[in-house]
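# Chains, contacts and geometry: an overview
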Amino acid sequence: MRSKKSSPLRKLLGATQQGLSWDAPGLIAGVDEAGRGPLAGPVVAAAVILDELNPIVGLADSKKLTPLRREKLYEEIRGKALCFSIAEASVEEIDQLNILQATMLAMQRAVQGLRLRPSKVLIDGNRIPVLDILAEAIVKGDSKVQAISAASILAKVYRDRWCAQLDQQYPQYGFAGHKGYGTAEHLTAIAQHGACPQHRRSFAPVRAVLPAAGSLQ
């Protein structure tokens, strides 16, 4: 196995982040999501196992990178990582389960989709999906752990591209610009045109601006 990350996690993260009392040697996967806040579209999660012998320069929290930089890193991660997986939880699943549980489902699917099995999974945030692998949640992990940074980039770019495709199908909503977030322009468009099939009807801002009959485009 090529990874040598068998030291305690506190050495990996620094003194500000407490690691588990024991950590299994082997491959480490980073996991992050994109799309919890928007009013439309799936929530997307990515899992990445980086190759320490083929490093990627410039990994950071996807929100702190320009769109162009994210796009370039997206392709580099896909080309250099030992393996990666991108998964979704659909709008229907979000409305059925709630956004938190749908996010956990997307993360679970991303980990299960990895070609290689990691010995440990590091997840951005403070919650862990149901997994049969040792896992740890790391608050602000997308700015502390490179594998999580890589996962955040994959999830963000994948979902932004998805929104661009949806914009072609439903140009009246402006998905390419706001990426599904609840901007004033987006809410106005929903009020004028009703909800399209990719709007999350369980989200209060969508319900609030829908006509009483709850139109569906």
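Note that the structure is a prediction, hence the values are computed from the model and not measured.

What counts and what doesn't
Residues numbered from 1 in each chain as written. Predicted model: local features only at pLDDT ≥ 70, side-chain atom pairs only at ≥ 80, totals over all residues. Heavy atoms only, no water. Pairing = 2+ DSSP bridges. Helix = DSSP H or I, 4+ residues; strand = E, 2+ residues; numbered from the N terminus. Axes fitted to C-alpha atoms, helices over the stretch in contact; angles between N-to-C directions. UniProt positions renumbered as here; feature names shortened; annotations may be inferred. 1 Å grid on protein atoms, 1.4 Å probe; cavity = no way out; pocket = protein on both sides within 12 Å on 5 of 7 lines; lining within 4 Å. Contact = heavy atoms within 4.5 Å. Phe/Tyr/Trp six-rings, centres within 6.5 Å; stacked < 30°, edge-to-face > 60°. Buried < 20%, exposed > 50% of the residue type's maximum accessible area, 1.4 Å probe, protein only. Expected span 1.5 Å × (residues − 1). Arc of directions from axis to C-beta. Core = buried A, V, L, I, M, F, W, Y, C linked by side-chain atoms within 4.5 Å.

Time to look at the sheet that holds strand β3 (residues 83-89). Within a sheet, adjacent strands bond to each other through the backbone by hydrogen bonds, running parallel or antiparallel. Pairing is mixed in the open sheet, where five strands are placed in the order β3-β2-β1-β4-β5. Two strands in the sheet have a free side with no partner beyond their single neighbour: β3 and β5 (134-138). Geometrically, the sheet is characterised by an average inter-axis angle of 20° between neighbouring strands, direction not taken into account. Looking at chain direction, strand β1 (residues 28-34) and strand β4 (residues 120-124) are connected through four bridges and run parallel. Following the sheet pairing, I28 is matched in β4 by K120.

As a further point, take the UniProt feature "binding site: a divalent metal cation" (unreviewed entry) in the protein chain. Following the UniProt record, one finds the feature "binding site: a divalent metal cation" (unreviewed entry) at D32, E33 and D124. Taken together, the annotated residues stretch across 93 residues yet fold into one region, lying no more than 8.1 Å apart by C-alpha. When only the residues just named are considered, the largest pocket is lined by D32, E33 and D124. Leave out the neighbours within four places in its chain, and D32 touches V44, A45, A46, M107, D124, D142, I148, A151, S152 and A155. Along the polypeptide, D124 turns up in strand β4. Apart from the residues within four sequence positions on either side, D124 is in contact with V31, D32, M107, I138, K140, G141, D142 and I148.

For N98, which is not glycine, the phi dihedral falls at a positive 100°. Assignment of secondary structure puts N98 in the loop between α3 (91-97) and α4 (99-112). Within the chain, K179 stands out as a residue other than glycine whose phi angle is a positive 55°. The residue K179 is located in the loop between α6 (175-178) and α7 (184-193) in this model.

To continue, consider the packing of aromatic side chains. This model, assessed by the stated rule, comprises two aromatic pairs. With 6.3 Å between their ring centres and 65° between their planes, Y170 and Y173 make a pair best called edge-to-face. A relative accessible area of 13% means that Y170 is categorised as buried. In this structure Y173 comes out as buried when scored by relative accessible area, which is 2%. Ring centres of Y173 and F175 lie 5.6 Å apart, and the angle between their planes is 40°; on these two criteria the pair is classed as tilted.

This part takes up helix α5 (residues 146-169). The end-to-end C-alpha distance of α5 is 35 Å, a good match for the 34 Å that 24 residues give at a rise of 1.5 Å each. Summarising burial for α5: 17 of the 24 residues are buried, a large majority.

Its 14 residues give helix α2 (residues 67-80) an end-to-end C-alpha distance of 20 Å, which sits within 8% of 20 Å, the value for a rise of 1.5 Å per residue. Within α2, burial applies to R70, L73, Y74 and I77. Viewed end-on, α2 has its buried residues packed into an arc of 115°, placing them on one side of the element. Facing away from the buried surface of α2 by more than 90 degrees, the exposed residues are L68, K72 and G79. Buried residues belonging to α2 abut β2 (43-49), β3 and α5.

Here the focus is the nonpolar core. By size, the foremost hydrophobic cluster in this structure holds 40 residues, and its most contacted members are V31, V43, I49, V121, Y173 and F175. Residue assignment for this core shows that the elements contributing at least two residues are β1, β2, β3, α4, β4, α5 and α7. Excluding residues that lie within four positions of it along the chain, I49 makes contacts with L27, I28, A29, A81, L82, C83, L114, L116 and P118. Counting residues in each nonpolar core, the second largest holds 24 residues, with I28, L50, I56 and L73 among its members.

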